[in-house]
Amino acid sequence: MTAKAKLLSKTLLSLWIVYNIFTMLVMPNIGAYFGRTTSKFITPYANSVGLNASWNFFSPDPAHTMYIRYHVYFIGPEGVETQEPIENYFPLEKNTPVLDLARKRDLYAMRFMVIEPKRLKTYFGPWLCRRHPGASSVEMEHVIETVAMLDQAVTFKYEDMRDLSKELKYVRETYSCDGRGDEVEQ
């Protein structure tokens, strides 16, 4: 075998090994963005040699933003609004990362309350009424703001990411601050 033939065979073998390793790294998570963009080059080969198993190698999509939006109403005995309603969020840092360890407690409290929706009326509603003296009722809802998928972000790269996100509302509860009609079932 000549020197050129040896060099060519080593080069081809090296390329095949690199291609094989690349296929083994990408195919396990073909559903990821990188896997979908390279699938036309590796899927036929992976299917024929049995490298098409999935085990989610790459990192998942980012977490969605979760918070509780609430409105505090101030209605007097005659049914007249005595003060402008207050709209706010819990935790207050709904779209910013919480770096302060003391503020992370609010995140855990919010998650605790939305796991079982009755907790909004049992714990959160009375707490909000105590924080806002003179309030007549509180409306609370669990909101999730989705994060755009990477494919969507790439396709609509000139759009604002907030426009690509969706706001999903899951639980809505109302609590009367005078305590009438708010019995909690066991």
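Residues numbered from 1 in each chain as written. Predicted model: local features only at pLDDT ≥ 70, side-chain atom pairs only at ≥ 80, totals over all residues. Heavy atoms only, no water.

A.B. asks: I tried to follow the packing of aromatic side chains on my own but got confused; where do I start?
C.D. replies: The geometry of an aromatic ring pair is captured by two quantities: the separation of the ring centres and the angle between the planes. All told, the structure shown has eight aromatic pairs when counted by the stated rule. Plain terms: the ring middles of Tyr-70 and Phe-124 are 5.8 Å apart, the flat faces sit at 80 degrees to each other, and that makes the pair edge-to-face. Here the residue Tyr-70 occupies a position in strand E1 (residues 65-75), and Phe-124 occupies one in helix H4 (residues 118-131), the gap between them amounting to 54 residues. An identical accessibility class is assigned to Tyr-70 and Phe-124; each is buried. Look at Phe-90 and Trp-127: their rings are 5.8 Å apart centre to centre, the planes differ by 65 degrees, and that puts the pair in the edge-to-face class. Separated by 37 residues along the polypeptide, Phe-90 in strand E2 (residues 81-90) and Trp-127 in helix H4 bring together distant segments of the chain. (Phe/Tyr/Trp six-rings, centres within 6.5 Å; stacked < 30°, edge-to-face > 60°. Helix = DSSP H or I, 4+ residues; strand = E, 2+ residues; numbered from the N terminus. Buried < 20%, exposed > 50% of the residue type's maximum accessible area, 1.4 Å probe, protein only.)

A.B. asks: Teacher, can you tell me more about the state of the cysteines here?
C.D. replies: Disulfide: a covalent bond formed between the sulfur atoms of two cysteine residues. Per the counting criterion, the structure on display carries one disulfide. Across the disulfide from Cys-129 sits Cys-177; the S-S distance is 1.9 Å. An S-S torsion of about -75 degrees defines the bridge between Cys-129 and Cys-177 as left-handed. Linking Cys-129 in helix H4 with Cys-177 in the segment after strand E4 (167-176), this pair joins segments that are 48 residues apart in sequence. (Disulfide = S-S within 2.5 Å.)

A.B. asks: Teacher, can you tell me more about unusual backbone geometry here?
C.D. replies: Comment: phi is negative for the bulk of residues other than glycine, and the bulk of peptide bonds are trans. Cis geometry marks the peptide bond from Phe-90 to Pro-91; its omega dihedral reads -5 degrees. Structurally, the position occupied by Pro-91 is in the loop between E2 and helix H3 (101-115).

A.B. asks: What is the right way to look at the side chain of Ser-136 in this model?
C.D. replies: Mapped onto the secondary structure, Ser-136 falls in the loop between H4 and strand E3 (137-145). Take Ser-136: its relative accessible area is 19%, and that puts it in the buried class. Polar side-chain contacts of Ser-136 include one of 3.0 Å to the backbone nitrogen of Ile-75. Apart from the residues within four sequence positions on either side, Ser-136 is in contact with Tyr-73, Phe-74, Ile-75, Tyr-175, Ser-176, Cys-177 and Asp-178. (Polar contact = N/O pair within 3.5 Å; in protein donor to acceptor, adjacent residues only side chain to side chain. Contact = heavy atoms within 4.5 Å.)

A.B. asks: I would appreciate a short explanation of the environment of Thr-146 in the present structure.
C.D. replies: Note on placement: Thr-146 falls in the loop between E3 and helix H5 (150-155). Spatially, the C-alpha atoms of Thr-146 and Lys-166 are 5.2 Å apart, while their sequence positions differ by 20 residues. Excluding anything up to four places from it in sequence, Thr-146 contacts His-64, Ser-165, Lys-166 and Leu-168.

A.B. asks: In this structure, what is going on with the sheet that holds E1? I would like to understand it.
C.D. replies: The pairing of strands in a sheet happens through backbone hydrogen bonds and is either parallel or antiparallel. An order of E2-E1-E3-E4 is seen for the four strands of this open sheet, with the pairing classed as antiparallel. In this open sheet, the two strands that pair with only one neighbour each are E2 and E4. Strand-to-strand twist of the sheet, defined as the mean angle between neighbouring strand axes without regard to direction, takes the value 15 degrees. In the sheet, E1 pairs with E2 via seven bridges, with the strands oriented antiparallel. From the neighbouring strand, His-71 faces E2, where its bridge partner is Glu-87. (Pairing = 2+ DSSP bridges. Axes fitted to C-alpha atoms, helices over the stretch in contact; angles between N-to-C directions.)

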